[in-house]
Amino acid sequence: VQLVESGGGLVQAGGSLRLSCAASLSAFSTYTMGWFRQIPGREREYVSAIRGNGASTDYADYVKGRFTISRDNAKNTVYLQMNSLKPEDTAVYYCAVAPYWDSPPSANNYDYWGQGTQVTVSS
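**Concerning the state of the cysteines**
On inspection of all chains with the given rule, the structure shows 1 disulfide. Here Cys21 is linked by a disulfide to Cys95, with a sulfur-sulfur distance of 1.9 Å. Between Cys21 and Cys95 the disulfide shows an S-S torsion of about 50°. By sign, it is right-handed. In this pair, Cys21 sits in strand β3 (residues 17-24) while Cys95 sits in strand β9 (residues 91-98), placing the two residues 74 residues apart along the sequence. On the basis of relative accessible area, Cys21 is assigned to the buried category, the value being 0%.

**Quick look at the sheet that holds strand β8 (residues 77-82)**
Pairing is antiparallel across the open sheet formed by 4 strands, whose spatial order is β1-β3-β8-β7. Bordering the open sheet on either side are β1 (2-6) and β7 (67-72), each of which pairs with just one other strand. Averaged over all neighbouring strand pairs, the angle between strand axes comes to 15°, with direction disregarded. Alignment of β1 against β3, held across 5 bridges, turns out to be antiparallel. The partner of Gln2 across the bridge, within β3, is Ser24.

**Section: the environment of Thr57**
Turning to its location among the elements, Thr57 is positioned in strand β6 (residues 57-59). Residue class for Thr57 comes out partly exposed when judged on its relative accessible area of 38%. Put simply, Thr57 and Thr32 are 25 residues apart on the chain and 9.6 Å apart in space, counted from C-alpha to C-alpha. Apart from residues lying up to four places away in sequence, Thr57 is in contact with Ala49, Ile50, Ile69 and Trp101.

**Regarding the pairing of strand β5 (residues 45-50)**
The buried fraction of β5 is high, at 6 of 6 residues. Of the strand pairs in this sheet, strand β4 (residues 32-38) and β5 are connected by 5 bridges, and their pairing is antiparallel. Each bridged residue has a counterpart across the sheet, and for Gly34 the counterpart in β5 is Ala49.

**Some points on unusual backbone geometry**
The phi dihedral of Ala27 falls on the positive side, at around 55°, and the residue is not glycine. Following the sequence through the fold, Ala27 ends up in the loop between β3 and β4. Note on Ala27: relative accessible area 46%, which makes it partly exposed. A positive phi angle, close to 55°, is found at Asn76, a residue other than glycine. Within the fold, Asn76 resides in the loop between β7 and β8.

**Section: the side chain of Ser20**
Mapping Ser20 onto the fold places it in strand β3. Take Ser20: its relative accessible area is 17%, and that puts it in the buried class. Once you skip the residues sitting within four places of it in the chain, Ser20 turns out to touch Val4, Glu5, Ser6, Trp35, Thr77, Val78 and Tyr79.

Rules of the game
- Residues numbered from 1 in each chain as written.
- Predicted model: local features only at pLDDT ≥ 70, side-chain atom pairs only at ≥ 80, totals over all residues.
- Heavy atoms only, no water.
- Disulfide = S-S within 2.5 Å.
- Helix = DSSP H or I, 4+ residues; strand = E, 2+ residues; numbered from the N terminus.
- Buried < 20%, exposed > 50% of the residue type's maximum accessible area, 1.4 Å probe, protein only.
- Pairing = 2+ DSSP bridges.
- Axes fitted to C-alpha atoms, helices over the stretch in contact; angles between N-to-C directions.
- Contact = heavy atoms within 4.5 Å.

Laid out in structure tokens, this is it:
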């Protein structure tokens, strides 16, 4: 399984970015996809997740109302639209695959991870 994130970059506070994660994964639509981030010196933290059929989504409180997760199962791709970005959103963002929709925020549920894409928000 290969996950390739893209779309990261440098943006000013208040700006937007759209991350993409392309998965080489058969039966993509049966898997939960999640986004996590890691800030230097801190533990990896949960951002958002979406169920295989797209019917359910979940967000960490600190991104709720600003970030939107979506997926295109025909393209084996999951997206993270990030609006109203803040300097504290600066991190490496990772996508990950989980076989079930059980406790989406738990990193232990995810079997495969991408290499990450850097997001930097300047003040």
